[in-house]
Amino acid sequence: MQDPVLVINCGSSSIKYALVPSVPQAPRLAGLVERLGAVDARLTGTDRRGQRVSRALHGAGHHEAMAAILEQLEGLAPIGVGHRIVHGGERFTAATLLNDAMMRRLEAMSELAPLHNPANLEGVAATRRLFPTLPQVAVFDTAFHQSLPPRAYRYALPEALYRNLGIRRYGFHGSSHAYVSRRVDRLSDRAQGGWLIAHLGNGCSTCAVWQGRSLDTSMGLTPLEGLVMGTRSGDVDPGLHAHLSRRLGWSPARIDTLLNKESGLLGLSGLSNDMRRLEQAAAEHHAGAALAIEVFSYRLAKSLAGLSCALPRLDGIVFTGGIGENAAAIRARAIDQLPHFGLRLSATANAHAVDGQEGRIDAGGGGPQVWVIPTDEEAHIAGETRRLLEIPRP
Ligand code: ADP
């Protein structure tokens, strides 16, 4: 494997890793440590020959998990480590080298993303302890959206909240939107055009990209704004918070849990946050599952239509993420609700674009195109890391 970059995506209870070689299509060594801190903590993944690996890591914390990941690398030496960092605020518009001063700046920024950044930084600290001489790079979920104009990133709130507390829209899933928009620019005959991207995984967001730059996106100050997600509500009336507090005496923390963990597909269906499970249940006439799918698809179409205002011209829509790459029926439902854009799917191409297949799924003609492009956030993070390390630093 030539000049690999180790990509780390560290959450509070899991660490995803991938050793990404410089040749884009070459096989990767990759895996996941789950249930950090629990007795049944476990590492699962594939080795460089593509064989499955599964190891119990009883009670492992971040440091022990990183040490286990290091053992999995089979002696392959990465040229650098790229870390996914959720929030880079306004300060970080591109990948940045991680040193002590940078760690302090990121710690200070954690209040913007208390649910994500502290866990990301714990992964960085553990990796720096284990690889003290290896360059480490922060790649931010927010960086791709730093091209948003003020009309897209400002909330209609008093200026002081923006100036003093950084309250504005930032957007997330930047590595995915950046990767997919570059890829569609390469694959389509409408290169450098106007694209709407729907990243639909457990978290979901849409993004309007013009000539490779993000002009608007559905997530905001936090990854809660916008679409219906697995367990997140997406947009609700901001008056809901005061209402729940008055009627039920709920604290901000209780409302946070409601909106982040108990809502979305799970809350609507009363059954599951998993789209596969919901599609099955809806086929068996489960009313909650059917409603969850209907609301999810309608809100997706509505978000795409809204974001189209950001673009001078609409060249097409791209679906990605676990749902976007596999759920042909959800894609069809959303596109069917956008007939005024002249969008029409090819039923056959749509049905075949599953299980990691990349391709165009519209019925042809001169209107906007529709594509399915499997995302590869690791490739983007590795690419940004490589780019930063290869540029000579003053
Ligand atoms: P994450 O955001 O955690 O990376 P993924 O991108 O893997 O998540 O997306 C997970 C979602 O994709 C789940 O709702 C899952 O049910 C859905 N999904 C995966 N495969 C399919 C499929 N074949 N049909 C419908 N939904 C699917």
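Before reading on, note that the structure itself is shown above.
Asks: How do you make sense of the overall build of the chain when you look at a structure like this?
Replies: Assigned secondary structure in the chain consists of 15 helices and 14 strands. Along the longest, intermediate and shortest principal axes, the C-alpha atoms of the chain span 55 × 55 × 50 Å. Looking at the chain as a whole, 50% of its 394 residues are labelled buried. For the chain, long-range pairs separated by at least 24 residues make up 62% of all intrachain contacts whose partners lie at least 6 apart in sequence.

Asks: Would you take a moment to explain the site of the ligand for this structure?
Replies: Around the ligand lies a shell of 13 residues, among which Asn202, Asp274, Met275, Arg276 and Gly322 are the nearest. Within the side chain of aspartate 274, an N or O atom sits 2.6 Å from an oxygen atom of the ligand. Taking arginine 276, its main chain carries an N or O atom lying 3.2 Å from an oxygen atom of the ligand. Coverage of the ligand by the protein amounts to 71% of the 580 Å² it exposes when considered alone.

Asks: I keep staring at the packing of helix H1 (residues 62-72) against helix H3 (residues 117-130) and nothing clicks. Help me out?
Replies: Two elements in contact, H1 and H3, have axes separated by 9 Å at closest approach and are oriented at 55 degrees. The orientation of H1 relative to H3 falls into the category oblique. With respect to the hand of their crossing, H1 and H3 are arranged in right-handed fashion. Residues His62, His63, Met66, Ala67 and Leu70 of H1 form the contact with H3, whose own contacting residues are Ala119, Glu122, Gly123, Ala126, Thr127, Arg129 and Leu130. Residue composition of the contact of H1 with H3, grouped by class: 6 nonpolar, 4 polar and 2 charged.

Asks: What's the story with the sheet that holds strand S9 (residues 194-200) in this structure? I'm lost.
Replies: What holds strands together in a sheet is hydrogen bonding between their backbones, with the strands either parallel or antiparallel. One open sheet holds the 6 strands; their spatial order is S11-S10-S9-S12-S14-S13, and the pairing between them is mixed. Lying at the two open borders of the sheet, with one neighbouring strand each, are strand S11 (213-217) and strand S13 (359-360). Bridge count between strand S10 (residues 204-210) and S11: 4 bridges; the pairing is antiparallel. Opposite alanine 208, over in S11, you have aspartate 216 as the bridge partner. Across the sheet, helix H6 (residues 174-187) lies against S9, S10, strand S12 (316-320) and strand S14 (369-372), angled at about 135 degrees from S9, the strand it touches most.

Asks: Is there a simple way to think about the side chain of aspartate 376 in this case?
Replies: Relative to the helices and strands, aspartate 376 is located in the loop between S14 and helix H15 (377-390). With relative accessibility at 17%, the residue aspartate 376 sits in the buried group. Within polar-contact distance, the side chain of aspartate 376 engages the side chain of arginine 28 at 2.7 Å. With residues up to four places along the chain from it excluded, the contact list for aspartate 376 reads Arg28 and Tyr179.

Asks: Help me out: how do you make sense of the nonpolar core in this one?
Replies: Nonpolar side chains in soluble globular proteins tend to be buried together. If you look at the biggest cluster of nonpolar residues, it comprises 42 residues, and the most contacted ones within it are Leu196, Leu200, Phe296, Leu300, Ile317 and Phe319. For this core, the secondary-structure elements that each account for two or more residues are S9, S10, helix H10 (275-283), helix H11 (287-307), S12, helix H13 (328-336) and S14. Counting residues per element, this core draws most heavily on H11, which supplies 8 residues. Those residues in contact with leucine 196, other than ones at most four positions away along the chain, are Cys207, Ala208, Leu304, Leu307, Ser308, Leu311, Leu314, Gly316, Ile317 and Val318. Counting 24 residues, the second-largest nonpolar core is a separate cluster that includes Ile8, Val33, Ala68 and Leu73.

Asks: Whenever I open this one, the packing of H10 against H11 confuses me. Can you help?
Replies: Geometry of a packed helix pair, given as the angle between the helix axes and the separation of the axes. Contact geometry of H10 with H11 gives a least axis separation of 8 Å together with a crossing angle of 120 degrees. Considering the angle they form, H10 stands oblique to H11. The crossing of H10 and H11 is left-handed. Contact residues: H10 offers Met275, Leu278, Glu279, Ala281 and Ala282, while H11 offers Ala289, Ala290, Ala292, Ile293 and Phe296.

Asks: For this particular structure, what's the right way to read the sheet that holds strand S6 (residues 80-85)?
Replies: The strand order across the open sheet formed by 8 strands is S5-S4-S3-S2-S1-S6-S8-S7, and the pairing between neighbours is mixed. Two strands lie at the open edges of the sheet, namely strand S5 (52-56) and strand S7 (96-97), each paired on one side alone. Inspection of the sheet shows S7 paired to strand S8 (residues 136-140) by 2 bridges, in the antiparallel sense. Across the sheet, residue threonine 96 finds its bridge partner in S8, namely alanine 138. The strands touched by H1 within the sheet are strand S1 (5-10), strand S2 (15-20), strand S3 (29-34), strand S4 (42-46) and S5, with S2 carrying the most contacts at an inclination of about 25 degrees.

The rules behind these values
- Residues numbered from 1 in each chain as written.
- Predicted model: local features only at pLDDT ≥ 70, side-chain atom pairs only at ≥ 80, totals over all residues.
- Heavy atoms only, no water.
- Helix = DSSP H or I, 4+ residues; strand = E, 2+ residues; numbered from the N terminus.
- Buried < 20%, exposed > 50% of the residue type's maximum accessible area, 1.4 Å probe, protein only.
- Contact = heavy atoms within 4.5 Å.
- Near = heavy atom within 4 Å.
- Polar contact = N/O pair within 3.5 Å; in protein donor to acceptor, adjacent residues only side chain to side chain.
- Areas by Shrake-Rupley, 256 points an atom, 1.4 Å probe, with all protein chains shown as cover.
- Axes fitted to C-alpha atoms, helices over the stretch in contact; angles between N-to-C directions.
- Parallel < 35°, antiparallel > 145°, perpendicular 65-115°, else oblique.
- Left-handed = near helix turned anticlockwise from the far one by under 90°.
- Nonpolar A, V, L, I, M, F, W, Y, C, P; charged D, E, K, R; others polar.
- Pairing = 2+ DSSP bridges.
- Core = buried A, V, L, I, M, F, W, Y, C linked by side-chain atoms within 4.5 Å.

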